[in-house]
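Chain by chain, the residues run as shown.
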Amino acid sequence: MAPRPSDRPLTFLGIAGSLRRASYNRGLIRAAVELAPTGTRVVAYDLAEIPLYNADVEEVGDPGSVAAFKAAIAAADALLIATPEYNHCVPGVLKNAVDWASRPARRSVLTDKPVAIMGASSGRGGTARAQAHLRDGLTYTDGLVLPLPEVLVAESGARFDADGNLIDPSTRADVRDLLVALAAWTRRLGRPVEAVAS
Ligand SMILES: Cc1cc2nc3c(=O)[nH]c(=O)nc-3n(C[C@H](O)[C@H](O)[C@H](O)COP(=O)(O)O)c2cc1C
């Protein structure tokens, strides 16, 4: 018997808004892959191949990397984003990817998609301002952004090793708590991808 939507394992697509090898935010996504609670899995997706948004290019058809990115979002039950903070805002790498994914407006792969946000910075604000900007933008795309808990990872130099692996136990517990909340949020919204397709 096929599992009911509420029993089916959930897939979260994890994206980090940094291309840096030892990125803290890529480390947050790797930690999420390791810490995914029973009944969920996190699949990391790299944004390195996404070109700069250009409406003229879009008009003749999404580039292959963009089409693949959109398909990955569509196939996932929810999106998990780890954002750095650049100048109190969302880095261009991530904003650009969200802009591609948000098209066509009002019926994009982000429409009604559950989303959770976390972020790590070297500063003391822990990406609070970037997360506020990102939440605002995703709300405009009709994304369903998890309200709480907030995962604001400040002064990250002490929480990650030199390769960007998350080593701080308390932050790892925060990431796990976020995944538990995202699973409940996704099931509560009742839109696992299987249910939408049927
Ligand atoms: C252009 C630029 C702007 C930055 N602005 C901020 C900022 O506003 N707040 C902050 O806490 N850190 C800021 N930082 C430092 C980042 O938090 C730090 O580079 C962090 O490691 C980036 O995330 P990543 O490790 O995932 O690449 C900035 C870094 C860059 C390169």
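Whatever comes next refers back to the structure up there.
All values reported here derive from a predicted model rather than from experimental measurement.

Description of the environment of Asn25
(1) Moving on: In this fold, Asn25 is placed in helix 1 (residues 24-35).
(2) Moving on: With 41 residues separating them along the chain, Asn25 and Val66 place their C-alpha atoms 21 Å apart.
(3) Moving on: In this structure Asn25 touches Ala16, Ala82, Thr83, Pro84, Gly119 and Ala120, once residues within four positions along its chain are discounted.
(4) Moving on: A distance of 2.9 Å separates a polar side-chain atom of Asn25 from the backbone nitrogen of Ala120.

Points about unusual backbone geometry
(1) Moving on: Look at the link from Arg103 to Pro104: it is a cis peptide, with omega at -5°.
(2) Moving on: Residue Pro149 is reached from Leu148 by a cis peptide bond, and omega for that bond is 5°.
(3) Moving on: Backbone geometry at Arg106 places phi at a positive 75°, although glycine is not the residue there.
(4) Moving on: With respect to the helices and strands, Arg106 occurs in the loop between helix 4 (92-101) and strand 4 (114-120).
(5) Moving on: Its identity is not glycine, yet Asp112 carries a phi of approximately 65°, on the positive side.
(6) Moving on: Relative to the assigned elements, Asp112 resides in the loop between helix 4 and strand 4.

Quick look at the packing of aromatic side chains
(1) Moving on: What the rule picks out here adds up to three aromatic pairs.
(2) Moving on: Aromatic side chains Tyr24 and Phe160 sit 4.9 Å apart centroid to centroid with 35° between the ring planes, which places their arrangement in the tilted category. On the criterion of sequence distance, the pair formed by Tyr24 in helix 1 and Phe160 in the loop between strand 6 (151-153) and helix 6 (169-189) is long-range, its members being 136 residues apart.
(3) Moving on: Ring centres of Tyr53 and Trp100 lie 4.8 Å apart, and the angle between their planes is 70°; on these two criteria the pair is classed as edge-to-face. Note that Tyr53 is positioned in the loop between strand 2 (40-45) and helix 2 (55-60) and Trp100 in helix 4, a separation of 47 residues in sequence.
(4) Moving on: Residue class for Tyr53 comes out partly exposed when judged on its relative accessible area of 30%.
(5) Moving on: On the basis of relative accessible area, Trp100 is assigned to the buried category, the value being 0%.
(6) Moving on: Seen from the ring of Tyr24, Arg20 lies directly overhead, with NZ or CZ sitting 5.2 Å from the centre.
(7) Moving on: Across the ring face of Tyr140, the terminal group of Arg106 is positioned such that the distance to the ring centre comes to 4.8 Å.

Some thoughts on the site of the ligand
(1) Moving on: Around the ligand, a shell composed of 13 residues is seen, among which Ser18, Arg20, Ser23, Asn25 and Asn87 lie nearest.
(2) Moving on: Here Tyr24 contributes a backbone N or O atom positioned 2.9 Å from an oxygen atom of the ligand.
(3) Moving on: Protein coverage of the free-state accessible area of the ligand, which is 610 Å², stands at 71%.
(4) Moving on: Its residues assigned to classes, the shell around the ligand shows three nonpolar, eight polar and two charged.

About the criteria used
- Residues numbered from 1 in each chain as written.
- Predicted model: local features only at pLDDT ≥ 70, side-chain atom pairs only at ≥ 80, totals over all residues.
- Heavy atoms only, no water.
- Helix = DSSP H or I, 4+ residues; strand = E, 2+ residues; numbered from the N terminus.
- Contact = heavy atoms within 4.5 Å.
- Polar contact = N/O pair within 3.5 Å; in protein donor to acceptor, adjacent residues only side chain to side chain.
- Phe/Tyr/Trp six-rings, centres within 6.5 Å; stacked < 30°, edge-to-face > 60°.
- Buried < 20%, exposed > 50% of the residue type's maximum accessible area, 1.4 Å probe, protein only.
- Lys NZ or Arg CZ within 6 Å of the ring centre and 35° of its normal.
- Near = heavy atom within 4 Å.
- Areas by Shrake-Rupley, 256 points an atom, 1.4 Å probe, with all protein chains shown as cover.
- Nonpolar A, V, L, I, M, F, W, Y, C, P; charged D, E, K, R; others polar.

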